[in-house]
Amino acid sequence: VQTCALPISYLNAQWAYTTFTNLVILDAEERILFSYGSEADALREHAVAGGDWLYVSRYQQLYRVYRVPLWLGEAGQGKLVVFKALSNSLLRQLAIPQTTLQLHYAGQIVASSHDSTESESAGRPRALRVEQPWTPQPLGEGPQPILIVFRDISDFLPFTSFVLLPVASSLLIFITLF
């Protein structure tokens, strides 16, 4: 327990600046040596299993799982497994004004930048809907997250309003000159 006090103190001090709030360290035989984070106890069992994506129904949370080699000194090479939560707050940070972001995984909405549902966003008369995979290439087997972007385009000028003024002005100048 005393050997874990130093890394826990360091990670607690860095909490506000960390991208990965949950991590697990595995030894060469994939036994858990250390875990850290608010959901680490629930994620420990998933650290040993493979997969690039993890949906934990207990937290209704989707995680991107990164595994990297980690040198453990005399114990040899282990693995550092970190979990990046793809959450509502992340989508809120990524969203621009008049845009709603939704993350879909395995046919369900797992995160959204706003509290509106898909049917409300799709029901807007002037909304553009774009679907894009979260990653450029599929990672691992199974379902892949899809980002759906709804952009309110009601503030755009209609084509007739945009073109009518320059054409009318040009016509007026042409008539005035000749």
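We now turn to the structure provided with this report.

Rules and cut-offs
Residues numbered from 1 in each chain as written. Predicted model: local features only at pLDDT ≥ 70, side-chain atom pairs only at ≥ 80, totals over all residues. Heavy atoms only, no water. Buried < 20%, exposed > 50% of the residue type's maximum accessible area, 1.4 Å probe, protein only. Helix = DSSP H or I, 4+ residues; strand = E, 2+ residues; numbered from the N terminus. Pairing = 2+ DSSP bridges. Axes fitted to C-alpha atoms, helices over the stretch in contact; angles between N-to-C directions.

A separate point is the pairing of strand β6 (residues 99-105). Burial of β6 is extensive: seven of the seven residues sit out of reach of the surface. Burial along β6 is two-sided: the residues T99, L101, L103 and Y105 and T100, Q102 and H104 are all buried. Alignment of β6 against strand β9 (residues 146-152), held across six bridges, turns out to be antiparallel. For L103, the partnering residue across the bridge sits in β9 and is L147. Relative to strand β7 (residues 108-112), β6 runs antiparallel, the two sharing four bridges. Counted as the bridge partner of Q102 is S112 from β7. Connecting β6 to the next strand, β7, in antiparallel fashion are two residues, including A106 with a positive phi near 55 degrees.

What follows is about the sheet that holds β7. Working definition: the strands of a sheet are paired by backbone hydrogen bonds and lie parallel or antiparallel to each other. One open sheet accounts for four strands, arranged β7-β6-β9-β8; its pairing is antiparallel. A strand with exactly one partner marks an edge of an open sheet, and here the two such strands are β7 and β8 (127-133). Adjacent strand axes in the sheet meet at a mean angle of 25 degrees when their direction is disregarded.

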